[in-house]
Amino acid sequence: MTIETTSTGILLLILIMTLVTLVTRFGGVFIMSFVRISPRIESFINTMASSVLIAIIVPMAFGGDAGALAALLVTAVVMLVLKKPLPAIAAGILAAALVRYVF
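Just so it is clear, the structure is predicted and the values come from calculations on it, not from any experiment. (Residues numbered from 1 in each chain as written. Predicted model: local features only at pLDDT ≥ 70, side-chain atom pairs only at ≥ 80, totals over all residues. Heavy atoms only, no water.)

Peer 1: Can you help me understand the UniProt feature "transmembrane region" (unreviewed entry) in the chain in this one?
Peer 2: Mapped onto the present numbering, the UniProt feature "transmembrane region" (unreviewed entry) falls on residues 12-35, 47-80 and 86-102. Each end of residues 12-35 is marked by a C-alpha atom, and these two atoms are 35 Å apart; helix forms 88% of the span and strand 0%. (UniProt positions renumbered as here; feature names shortened; annotations may be inferred. Helix = DSSP H or I, 4+ residues; strand = E, 2+ residues; numbered from the N terminus.)

Next up, the structure:
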């Protein structure tokens, strides 16, 4: 199946991606409503969140450009100092933007 990249085609693609995202999000919650959350399962869920985050960050740290490296470094430092994620994320985005604008 091929979808043309016209205005209608792009809107159709966005609609399809939205539906897939909603089905996977709500489907996971629905399926987990039948599972008793034991300490072992809770530990798995908490660990899985960390491993997904690491899987996203590590390739950027080794293969990213100067903006990505600046964002990672600034985000880590601000997080360690303030211990609040939102200012750390904002500082990382600002650092990446500044480095990419200057260089």
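Peer 1: Would you explain the packing of helix 3 (residues 66-82) against helix 4 (residues 85-102) in this entry?
Peer 2: When two helices pack together, their arrangement is given by the angle between the helix axes and by the axis-to-axis distance. It is the contact of helix 3 with helix 4, at a shortest axis distance of 7 Å, that shows an interaxial angle of 155 degrees. Comparing the axis directions of helix 3 and helix 4 gives the class roughly antiparallel. Seen along the crossing, helix 3 lies across helix 4 with a hand that is right-handed. On the side of helix 3, the interface is formed by Ala66, Gly67, Ala68, Ala70, Ala71, Val74, Thr75, Val78, Met79 and Leu82, while helix 4 contributes Pro85, Pro87, Ala88, Ile89, Ala91, Gly92, Ala95, Ala96, Val99 and Arg100. Residues that form the contact of helix 3 with helix 4 fall into these classes: 16 nonpolar, three polar and one charged. (Axes fitted to C-alpha atoms, helices over the stretch in contact; angles between N-to-C directions. Parallel < 35°, antiparallel > 145°, perpendicular 65-115°, else oblique. Left-handed = near helix turned anticlockwise from the far one by under 90°. Contact = heavy atoms within 4.5 Å. Nonpolar A, V, L, I, M, F, W, Y, C, P; charged D, E, K, R; others polar.)

Peer 1: For this particular structure, what's the right way to read helix 3?
Peer 2: Spacing of three or four residues puts side chains on the same side of an α-helix, whose turn is 3.6 residues. Helix length check: helix 3, at 17 residues, gives a terminal C-alpha distance of 24 Å against a target of 24 Å (1.5 Å per residue), a fit within 8%. Among all positions of helix 3, only Gly67, Ala68, Ala70, Ala71 and Val78 are buried. For helix 3, the angular spread of the buried residues around the axis is 155 degrees, confining them to a single face. Facing away from the buried side of helix 3, by more than 90 degrees, are the exposed residues Leu73 and Leu80. (Expected span 1.5 Å × (residues − 1). Buried < 20%, exposed > 50% of the residue type's maximum accessible area, 1.4 Å probe, protein only. Arc of directions from axis to C-beta.)

Peer 1: Hey, could you run me through the packing of helix 2 (residues 39-63) against helix 3 in this one?
Peer 2: Where helix 2 meets helix 3, the axes come as close as 8 Å, and the angle between the chain directions of the two elements is 125 degrees. In this view, helix 2 runs oblique relative to helix 3, as classed from their interaxial angle. Helix-helix and strand crossings are classified by hand; for helix 2 and helix 3 the assignment is left-handed. Contact residues: Ile57, Met60 and Ala61 in helix 2; Ala68, Leu69 and Leu72 in helix 3. Class assignment of the residues belonging to the contact of helix 2 with helix 3 gives a composition of six nonpolar, no polar and no charged.

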